[in-house]
Every structure is written in structure tokens, then in C-alpha cells.
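The primary structure of each chain is shown beneath.
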Amino acid sequence: MKRIGIIGVGEIGRAIATGLRHGGGDGDGTVPEICLSPRGARAAAELSSRYEGVRVCAGNQEVVDRSELVIIAVRRRDRREALAGLAVGADRIVVNVMAGVSNDEVRQMLGTDAAIVRAIPLPAIRERRSITVTYPPHPEVDALFEQMGGVLPAEDEAAFDAFSALTGTLTSHYAYLATLTSWAAAQGIDGGDADRYVRSLFQGVGRSLNDGSRTLHQLAADHETPNGNNERVRTTWFDPANAEALTNALDGLLAALRQQGRPTRPT
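Residues numbered from 1 in each chain as written. Predicted model: local features only at pLDDT ≥ 70, side-chain atom pairs only at ≥ 80, totals over all residues. Heavy atoms only, no water.

Colleague: What am I meant to see in the side chain of N60 here?
Modeller: Within the fold, N60 resides in helix α3 (residues 60–66). A relative accessible area of 13% means that N60 is categorised as buried. Separated by 3.0 Å, the side chain of N60 and the backbone oxygen of A82 make a polar contact. (Helix = DSSP H or I, 4+ residues; strand = E, 2+ residues; numbered from the N terminus. Buried < 20%, exposed > 50% of the residue type's maximum accessible area, 1.4 Å probe, protein only. Polar contact = N/O pair within 3.5 Å; in protein donor to acceptor, adjacent residues only side chain to side chain.)

Colleague: Whenever I open this one, the environment of F160 confuses me. Can you help?
Modeller: By secondary structure assignment, the location of F160 is in helix α7 (residues 157–166). When the C-alpha positions of F160 and R118 are compared, they lie 8.5 Å apart, and in sequence the two are 42 residues distant. If near-sequence neighbours (up to four positions away) are discounted, F160 is found in contact with R118, A119, I120, V133, T134, Y135 and A154. (Contact = heavy atoms within 4.5 Å.)

Colleague: Honestly, the nonpolar core in this entry has me stumped. Any pointers?
Modeller: Where a protein is soluble and globular, its nonpolar side chains tend to be buried together. With 28 residues, the main nonpolar core has L36, L69, I71 and V95 as its most contacted residues. Contributing elements (two or more residues each) for this core: β1 (3–7), α1 (11–22), β2 (33–36), α2 (41–50), β4 (69–72), β5 (93–96), β6 (115–120) and α6 (139–146). Here the element with the most residues in this core is α1; it accounts for 4 residues. Once you skip the residues sitting within four places of it in the chain, L36 turns out to touch I6, V9, A17, A44, L47, V54, R55, V56, C57 and V63. Core analysis: the next-biggest nonpolar cluster, separate from the first, contains 20 residues, V74, L86, V101 and V106 among them. (Core = buried A, V, L, I, M, F, W, Y, C linked by side-chain atoms within 4.5 Å.)

Colleague: Is there a simple way to explain the packing of aromatic side chains in this structure?
Modeller: In this description, a pair of aromatic rings is defined by centroid distance and the angle of the planes. The final tally for this structure, using the stated rule, is 3 aromatic pairs. On the numbers, 6.0 Å between centres and 85° between planes, the contact of Y176 with F202 is edge-to-face. Here Y176 is found in helix α8 (residues 170–186), whereas its partner F202 is found in helix α9 (residues 191–208), with 26 residues between them in sequence. Its relative accessible area of 30% is what places Y176 among the partly exposed residues. (Phe/Tyr/Trp six-rings, centres within 6.5 Å; stacked < 30°, edge-to-face > 60°.)

Colleague: Is there a simple way to explain the packing of α8 against α9 in this structure?
Modeller: Two numbers describe a pair of packed helices, the interaxial angle and the distance between the axes. Taken N-terminus to C-terminus, the directions of α8 and α9 make an angle of 140°; their axes are 9 Å apart at the nearest point. As summarised for this structure, α8 and α9 are arranged oblique, according to the angle between their axes. In terms of crossing hand, the pair formed by α8 and α9 is right-handed. Across the interface between the two elements, Y176, L177, L180, T181 and A184 of α8 pack against G191, A194, D195, V198 and F202 of α9. (Axes fitted to C-alpha atoms, helices over the stretch in contact; angles between N-to-C directions. Parallel < 35°, antiparallel > 145°, perpendicular 65-115°, else oblique. Left-handed = near helix turned anticlockwise from the far one by under 90°.)

Colleague: I tried to follow the sheet that holds β4 on my own but got confused; where do I start?
Modeller: The pairing of strands in a sheet comes from backbone hydrogen bonds and takes either a parallel or an antiparallel form. Pairing within the open sheet is mixed, and its 8 strands lie in the order β3-β2-β1-β4-β5-β6-β7-β8. One side of each edge strand has no neighbouring strand; the edge strands of this open sheet are β3 (54–56) and β8 (151–153). Averaged over neighbouring strand pairs, the angle between their axes works out to 25° when direction is ignored. For strand β7 (residues 132–135) and β8, the ladder comprises 3 bridges, and the chain directions are parallel. In the sheet register, V133 faces β8, and the bridge partner there is L152. Here α2 sits on the sheet in contact with β2 and β3, set at roughly 145° to β3. (Pairing = 2+ DSSP bridges.)

Colleague: How should unusual backbone geometry be read in this particular structure?
Modeller: A negative phi holds for most residues other than glycine; trans holds for most peptide bonds. The peptide bond linking Y135 to P136 adopts the cis configuration, its omega dihedral lying at -10°. By the element assignment, P136 lies in the loop between β7 and α6. Of note, R128 is a non-glycine position whose phi angle comes to about 60°, a positive value. Within the secondary structure, R128 sits in the loop between β6 and β7. One non-glycine residue, N227, lies in positive phi territory at about 65°.

Colleague: Mind showing me how you'd approach the pairing of β6 here?
Modeller: In regular strands, side chains alternate between the two faces of the sheet. Burial analysis of β6 places 5 of its 6 residues in the buried class, the great majority of the element. By the bridge criterion, 4 bridges tie β5 to β6 in an arrangement that is parallel. Among the inter-strand pairings, N96 is bridged to a residue of β6, identified as R118. Between the parallel pair β5 and β6, the chain is carried across by helix α5 (residues 103–110), and the sense of this crossover is right-handed. (Right-handed = clockwise from strand over helix to strand, strands pointing away.)

Colleague: Can you walk me through the pattern of salt bridges in this structure?
Modeller: Side chains carrying opposite charge are able to pair once their charged atoms draw close together. All told, the structure shown has 17 salt bridges when counted by the stated rule. In this structure, E105 engages R80 in a salt bridge whose closest nitrogen and oxygen atoms are separated by 3.6 Å. Of the two residues, E105 sits in helix α5 while R80 sits in helix α4 (residues 79–83), which places them 25 residues apart along the sequence. Note on E105: relative accessible area 0%, which makes it buried. Salt-bridge contacts for R92 lead to D91; the nearest nitrogen and oxygen are separated by 3.0 Å. Assessed through its relative accessible area of 16%, R92 is described here as buried. Salt bridges here are not isolated pairs; linked through shared partners, they connect R118, E157, D161 and R258. (Salt bridge = Lys/Arg side-chain N within 4 Å of Asp/Glu carboxyl O.)

Below, the structure is given as C-alpha cells:
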């Protein structure tokens, strides 16, 4: 892949561009040229000034015209404005990373016969450490994301939507950690010390996730002593009602994502 275009240089678009430039290219050492849309002008200008081979195009059509693979990374609410009037040839590959926007809707808006693949790159892709879910499988798209930290092709669109719902739990995890820090501060611990300790505590937990030989249930059991502190908190706070509330929240999010992903009739 010699030229990759990115329409929408927000958090994810910027992370993808950064990961592409930090990597070693396509296995043979070549690094693709990156063509950025003027959307997110400040971020696009910063990337083009920092990295060789990154250029900001005059408009979204120029991004498409110059690129073999085009990543659409705009916010869902901006999709019509960003994609209106674009001519995308059948020889292009389109990667749709817009949450809640189906490939059918993208095809409808673009009116193209090009291959369209949905993907869920995470911010860690900037460090080439993001496992990216894709659908449908596509050899070139999957090979690209495999080099960016790993790829997980979904069996079908229903599975893809479920993976997408899981990404909605990220900020809840941060809020959980922030609550622990606030509790410690309420016990008289310096806020900075509490923050530092909680970060260290869960960075260690994060490293244990690299052990793929143990299931998540096994990891939990291995970190827990019968009648110990961890068991006490787990059984009194993360009880069946709490687990059910989380499940219900995910069910609701999944239903909303599937509703959003339905193509809309042109107006």
C-alpha cells in the first residue's frame, strides 16, 4: 500500500497516522505516504510538519484521488457533510471507522462499488499496540492492521457490533480508578500520592493481561485469597445486581448501535 488517505484527523485519525509513521512499513521496509484531509486542520498541520511523507490535501476529494486506501474517521454527526459529493472509484479500498455507521450506509452515501471494511482501531494504535476488529475480512486491510498491533476479523456484523459495544466501557474504567483515588484522598492521603499509587496498582494488573495462558476468570482467582480483602470487595460491591446492571447497560448500547447502523433513506 503506497498511499493511505485519512478523512477526519481527530483522535483516532491522528493515532492511525502516528502509528503508520512509527512503524516499519509493509514488511519490506516501505512506509506509505499519508494524505490527510483538511478536517482537523491543526492536527493535520502538526502531523505533516513532524513526519516526512505526510501531506495535507486541499479537500477530501484530493485525499480520495491520491490514495489507494481511504480511512473515514469523522464523527458520526459529521459524516454527511464530510462525504457529500465524493467520487470514490471501484478500485479504492474504504475503511469505515465511524462508530454506529454501517458499511451499507457508507456505500449509500458514496454511491461506490469500492470494497468497504468497518474497523475499530483504538487510541493505542499510535503505539502499534491496538488489536483492531474488522468486518468483513479483507486481505489488504487486515494485513495493514496486523502490522499496527494485531487484527481480529469479526465473523459477522452482529459480532462486530458487540465488539464495538465493549469499547464503550473504557471511560467507566477510568472513572472507577478516579473514584478509588478520591476515596483515598478522603482518608487523608495526599491526592498526588493516591493518584500515583492507584496508577501503579492497575498498571501491574494491566501487565498481567499479557499472560494469555490464563483466562480472565483464572487471573481474578489467582489474585484473590479466600476470605481476603479482594474477595470482600468483589462480593460486596461487584455483586450479581451490579453485574446485571453492567450487562443491561451493554445490551442497551448494543441495541442503540444496531439502530444507528441501519441505512437511512436519502432525503
